[in-house]
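Structural overview
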Amino acid sequence: MATSHLVMAGILLLVLGLLYLLVASWGRSGAYKLAAGVAVAASLLLVCGNLAVGFIGSEDNLANLLYAVVLAVGFIGAILAKLQPQGMAKAMFATALAQFAVPFVAMAIWRPELNLGVLWVIVLNTIFAGLWVVAGWLFRRAGLASAGLGR
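The paragraphs below set out a description of the structure included in this document. (Residues numbered from 1 in each chain as written. Predicted model: local features only at pLDDT ≥ 70, side-chain atom pairs only at ≥ 80, totals over all residues. Heavy atoms only, no water.)

1. Here's the deal with helix α3 (residues 66-81)
Taking 1.5 Å as the rise per residue, α3 with 16 residues should run 22 Å; its terminal C-alpha atoms sit 23 Å apart, in good agreement. Those residues of α3 lying buried are Leu66, Tyr67, Val70, Gly74, Gly77, Ala78 and Ala81. For α3, the angular spread of buried residues about the axis comes to 145 degrees, placing them on one side. Exposed side chains of α3 directed beyond 90 degrees from the buried face belong to Ile79 and Leu80. Buried positions along α3 lie against α2 (30-52), α4 (85-110) and α5 (116-146). (Helix = DSSP H or I, 4+ residues; strand = E, 2+ residues; numbered from the N terminus. Expected span 1.5 Å × (residues − 1). Buried < 20%, exposed > 50% of the residue type's maximum accessible area, 1.4 Å probe, protein only. Arc of directions from axis to C-beta. Contact = heavy atoms within 4.5 Å.)

Structure (structure tokens):
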């Protein structure tokens, strides 16, 4: 079983590394490349953490599948934005909103008992949403700089 986890981790690192190279190659500014790095790092942490231990209950909890929606929002948003900085910023902000919504959607569907574990899940999702916001802010800054509006 441990070997399959290592193979999966290797494939994930390869795919996300290639994704970073693709996205970062579209931007010339350091802000764009840093934004792409933050987004890829957030994706990697989200997938690895969720597969390893699960953020909502254990890794076997079906509520953890909601995190696939978070990644889909970012991926589809990036495609619709055609990797342009301002559109990427909007995609990252939408991804942050989706990330923040996950525990509340899970609570509405599965109605868990409110305890410290639920509070921890909300805090964890807020931290991840913050990473997406940082990526969105950096993409926005890169877009303003390319338009000659930033410093």
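2. A closer look at the side chain of Gln99
Within the element layout of this structure, Gln99 appears in helix α4. Under the relative-accessibility criterion, Gln99 is labelled buried at 0%. Leaving out residues up to four positions away in the same chain, Gln99 has contacts with Leu46, Tyr67, Val70, Asn125, Phe128, Ala129 and Trp132.

3. Focus on the environment of Gly148
Along the polypeptide, Gly148 turns up in the segment after α5. Residue Gly148 is classed as exposed on the basis of its relative accessible area of 59%.

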